[in-house]
Amino acid sequence: MKNHILRALLIFFLALPSTNLLAQTTAASPPPFAAETDAARAARMKWWTEARFGMFIHWDMSSIAGTEISWSRQSARPLDVDKSPAGYVEDPVYDHLYERFNPTHFNAKEWVRLAQAAGMKYIVFTAKHHGGFCMWDTKLTDYSIMHTPFKRDVVKELAEACHQAGMRFGLYYSPRDWHQPDYGVGDNAKYTAYMKGQLTELLTQYGKIDCLWFDGFGAGDSIPFWHADEMLALIQKLQPQVIINNRLANIWFPGNTNTTISAYSSLGDHDTPEGTVGSFQNNRPWETCHMIIHTPGGYAWSYRSDQNFIRPLDECIQMLASCATGDGNLLLDVGPNALGEIPADQAGRLREMGEWMRKHGESICGTRGGPFHNGAWGGSTYKDNLVYLHVFQWGGDRLVLPPLKAKIVKCSIAFKQTADGITLTLPVSQQDKSGTVIELTLSGSAADEMRRGQPLKGPAPKTL
Ligand code: GLC
């Protein structure tokens, strides 16, 4: 009882500054972040757009069951679509898993070293997933890592390890919460006060937070339901440099016609295509999140002990190259086990990606997608007067690309350039099945090759 009163008071006080801010922001001032100029936003996001490759980590006590994080709890997902047939851990079992969570092999520095070895430039960690379990020392609920036998603040250790190593650090936080009793009750104000209290903890106790990765709101929930502008005002006040994805409030659901609330609330700084690669978009930043583990017919964001397999190296590299050539980032997900280890097959694959990144990283990091449009054949990135081709499919020993205005002054393989196009030749035996990286040096800027900012489409890159 005493605890409850204390907690209610804490939530109340933590919520105060943001409530006042709401009063200010709803009056006349433009919504936070949305008031930023395009140039200021681009400057805030510079490190992120240059990074191209990050590590997503989904981890909590669900790793004991070896089933999907949150979704595998059998029932009671308030306000939510019962969208997956994942209910395979009975609630009473799932709800007590944390009492056994003791990941004694967890070593934040090792995870960060692994991300660095893979060539990744940032880490996004699940502070709280949909199930509501908190991986930091929150004062607002007992459903946290501090109430496990482990009793160590994982967010703190990871934040410190990242800061020490110069690794950018971001937090995944699920607005949806299937454990908190206030979630979705009435106008959701009590729950959003809890959420603001938690965000205040996360944004004040762990130094610089580089990204906030929101995820998931019940179907039909609206931006006001999430008090999204208030939330953004609070975030902006606490960590104005943070990069925010587009899942704080409802944009995914059709029928979201509430245009009176800041569009920024639903757009955030970047799009988050999930589990797909291969598109091109250079007028708005985006990041594909994808899993290194594949489980037939389902998610494998977190550690899975059932029929899963690690994606082949070629596929992982092509995913990364597809994102970079499409002008986006890849946030590649790993699922540590109940001991706190990133399983050997996942870690091994990441190190292999790192070997590739050491050879070809300059064709990924700090580049933009283009000037050729990506497709099944592969794609290209560019930086100044350099163009990097990532070729996945050849026609025998050749690849034909659309013409360029500039002259190719240097190329790492044989080529012929005419007014009609460019023909590149490479013996099949020298083609790399992960994608052959070819460097072209142009006589002028590669960005100038884009037509009105769009990559060259025709004649479509084709194989012979
Ligand atoms: C989905 C899932 C969630 C996962 C997320 C990552 O929204 O619900 O479990 O964390 O994708 O993008």
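Residues numbered from 1 in each chain as written. Predicted model: local features only at pLDDT ≥ 70, side-chain atom pairs only at ≥ 80, totals over all residues. Heavy atoms only, no water.

Right, let's get into the packing of aromatic side chains. Counted according to the given criterion, the structure contains 18 aromatic pairs. Seen in terms of ring centroids, Y98 and Y143 are 5.1 Å apart; in terms of plane orientation they differ by 85°. Their pairing is edge-to-face. Of the two residues, Y98 sits in the loop between helix 5 (91-94) and helix 6 (108-117) while Y143 sits in the loop between strand 2 (122-128) and helix 7 (154-165), which places them 45 residues apart along the sequence. Here the aromatic residues W59, F101, F106, W111 and F150 are joined through ring pairs into a cluster of three or more. (Phe/Tyr/Trp six-rings, centres within 6.5 Å; stacked < 30°, edge-to-face > 60°. Helix = DSSP H or I, 4+ residues; strand = E, 2+ residues; numbered from the N terminus.)

A few words now on the sheet that holds strand 16 (residues 422-425). The three strands lie next to each other as 13-16-15, forming an open sheet whose pairing is antiparallel. The sheet terminates laterally at strand 13 (398-401) and strand 15 (414-417), the two strands that pair on one side only. For this sheet the average axis-to-axis angle between neighbouring strands, irrespective of direction, equals 15°. One ladder, built from four bridges, connects strand 13 with strand 16; its direction is antiparallel. Its bridge partner lying in strand 16, L401 is registered against I422. (Pairing = 2+ DSSP bridges. Axes fitted to C-alpha atoms, helices over the stretch in contact; angles between N-to-C directions.)

Right, let's get into the side chain of N246. Note that N246 resides in the loop between strand 5 (243-244) and helix 10 (263-267). On the basis of relative accessible area, N246 is assigned to the buried category, the value being 6%. Side chain to side chain, N246 and T272 meet in a polar contact 2.7 Å long. (Buried < 20%, exposed > 50% of the residue type's maximum accessible area, 1.4 Å probe, protein only. Polar contact = N/O pair within 3.5 Å; in protein donor to acceptor, adjacent residues only side chain to side chain.)

As a further point, take the pairing of strand 16. Alternating residues of strand 16 divide into I422 and L424, all buried, and T423 and T425, none buried. As paired strands, strand 15 and strand 16 are joined by four bridges and run antiparallel to one another. Paired with F415 across the two strands is L424, which belongs to strand 16. Remark: four residues form the turn of the hairpin made by strand 15 and strand 16, two consecutive strands paired antiparallel.

Time to look at helix 12 (residues 344-360). With 17 residues, helix 12 ought to run about 24 Å at 1.5 Å a step, and its terminal C-alpha atoms sit 24 Å apart, in line with that. The complete set of buried residues in helix 12 reads Q346, A347, R349, L350, M353, G354, W356, M357 and H360. (Expected span 1.5 Å × (residues − 1).)

This brings us to the pairing of strand 2. Buried residues dominate strand 2, accounting for seven of its seven residues. Bridge analysis of strand 1 (residues 53-57) against strand 2 gives four bridges, and the strand direction is parallel. Each residue of the ladder has a partner; that of I57, found in strand 2, is F125. The pairing of strand 2 with strand 3 (residues 168-173) spans six bridges and is parallel. The residue of strand 3 that forms the bridge with K128 is Y173. The parallel pair strand 2 and strand 3 is bridged by helix 7, and the resulting crossover is right-handed. (Right-handed = clockwise from strand over helix to strand, strands pointing away.)

Counting 99 residues, the largest nonpolar core has M55, F125, V155, F169 and L350 as its most contacted members. Excluding residues that lie within four positions of it along the chain, F125 makes contacts with I57, W59, W111, M135, V154, V155, L158, F169, G170, L171 and Y172. In this structure, V387, L389, I422 and I438 belong to the second largest nonpolar core, which totals 24 residues. (Core = buried A, V, L, I, M, F, W, Y, C linked by side-chain atoms within 4.5 Å. Contact = heavy atoms within 4.5 Å.)

As a matter of local geometry, the ligand sits amid H58, W71, H129, H130, Y172, W213, D215, R247, E274, C289, Y299 and W301. Contacts to the ligand include Y172, whose side-chain N or O atom sits 3.3 Å from an oxygen atom. A distance of 3.2 Å separates an oxygen atom of the ligand from a polar atom in the side chain of R247. Taken together, the residues of the shell around the ligand sort by class into six nonpolar, three polar and three charged. (Near = heavy atom within 4 Å. Nonpolar A, V, L, I, M, F, W, Y, C, P; charged D, E, K, R; others polar.)

Averaged over the chain, the pLDDT score is 86; the fraction of residues at 70 or greater is 83%. Confidence, expressed as mean pLDDT per element, reaches its minimum in the chain at helix 1 (residues 2-27) with 38 and its maximum at strand 2 with 99. (pLDDT = per-residue confidence, 0-100.)

This part is about unusual backbone geometry. Cis peptide bonds are those with omega within 30 degrees of zero, and the linkage from G370 to P371 qualifies with 0°. Structurally, P371 is set in the loop between strand 10 (368-369) and strand 11 (378-383). One non-glycine residue, R52, lies in positive phi territory at about 65°. Within the secondary structure, R52 sits in the loop between helix 3 (46-51) and strand 1. The class for R52 is buried, based on a relative accessible area of 2%.

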